[in-house]
Amino acid sequence: MNKSSAKYGVFGDPVSHSLSPLMHLAAFQALGVNASYEAYTVSDAERCMEIIRKLDIIGASVTMPLKEKVLKYCDHVDRHAEVVGAVNTLVISGNKISGYNTDWIGVREAVGSRKNVKGNVVVVVGAGGAARAAVYAVIQNGGIPVVVSRRKEQGEAVARHFGCQYCPLGEIGDLKADGMINATPVGMTPFTSHMVVEREVLARFNWVMDMVYKPIETKLLREASALGIETIDGVSMFVHQGAEQFRMWTGMNPPLKVMEQVVRLALNDLASSCGEKI
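Notes on the structure follow.

**Some points on the packing of aromatic side chains**
And then number 1: In total, this model carries eight aromatic pairs according to the counting rule given.
And then number 2: Arranged with centres 5.0 Å apart and planes meeting at 70 degrees, the rings of Trp 104 and Tyr 136 form a pair that is edge-to-face. With a gap of 32 residues between them, Trp 104 in helix α4 (residues 103–112) and Tyr 136 in helix α5 (residues 129–140) connect regions that are remote in the sequence. There is no split in this pair, since Trp 104 and Tyr 136 are both buried.
And then number 3: Consider the rings of Tyr 136 and Phe 162, whose centres lie 6.4 Å apart with planes at 40 degrees: the pair is tilted. Here Tyr 136 is found in helix α5, whereas its partner Phe 162 is found in helix α6 (residues 152–162), with 26 residues between them in sequence. Like Phe 162, Tyr 136 is buried.
And then number 4: Taken together, Tyr 8, Phe 28, Tyr 37, Phe 246 and Trp 249 form an aromatic cluster joined through their ring pairs.

Here is the structure:
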């Protein structure tokens, strides 16, 4: 990239194995955008902002552990990000840094393109930032979320924040719901033999989504498929949240097919090299 190229990046810790650079660089190239996108390992929000200003970065992805931390450093926070309580996207214009959340949009599009959740109960397993984004997405799609978590205090706090029901993980088998979203890291590489719920619990749902995308097909999704349950993998959510970032940064319609293709190819290659099921 030459000196006049626009600078973007992903900030967090760890980010060395992030697929965001690969995805966004493919999108830039597909549309002829002269831009760079680098990964910056940083866990301090103030340091993150210092790097952005020093390097004249105009757009950034924010991942763990910075999603909540950067909120107070933003000059403007989008209303959706305020409700979710986390920022995963920064847009820098001049000296002004604006914070947005596209994670919920990723979930909304991934689920909404496959299922009509309006008026239906959807179980969201988790109590962290991903769970908050998923709950908000369900609400925006007209669904009725139920927060399920092993951590009672955190789960109740999320449910209270969004005005919905909370259920302890041990009692999930008593719930009647149309779908379930795993918003925890359970099942992620290298712990691919783990599932957030038991197999018999899955039989209660018509569809299951896993926000984990490494591997593409988690044990949760394999078990659900074996039971004849419709599944939605985490790649769709990851690509859609990235596509919305791209739109915010450039004002251009993102090349969704290109972005998804490069991510799936990279994950399949990684799984093959590790001998994992995909």
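And the narrative resumes.
**A closer look at helix α2 (residues 45–54)**
And then number 1: Buried within α2 we find Ala 45, Cys 48, Met 49, Ile 51 and Ile 52. Seen from one end, α2 has its buried residues packed into an arc of 160 degrees, which puts them on one side.
And then number 2: At the N-terminal boundary of α2, the capping side chain belongs to Asp 44, with an oxygen 3.2 Å from the backbone nitrogen of Glu 46.
And then number 3: Phi turns positive, to about 60 degrees, at Asp 56, one or two residues after α2.

Calculation rules
- Residues numbered from 1 in each chain as written.
- Predicted model: local features only at pLDDT ≥ 70, side-chain atom pairs only at ≥ 80, totals over all residues.
- Heavy atoms only, no water.
- Phe/Tyr/Trp six-rings, centres within 6.5 Å; stacked < 30°, edge-to-face > 60°.
- Helix = DSSP H or I, 4+ residues; strand = E, 2+ residues; numbered from the N terminus.
- Buried < 20%, exposed > 50% of the residue type's maximum accessible area, 1.4 Å probe, protein only.
- Arc of directions from axis to C-beta.
- Polar contact = N/O pair within 3.5 Å; in protein donor to acceptor, adjacent residues only side chain to side chain.

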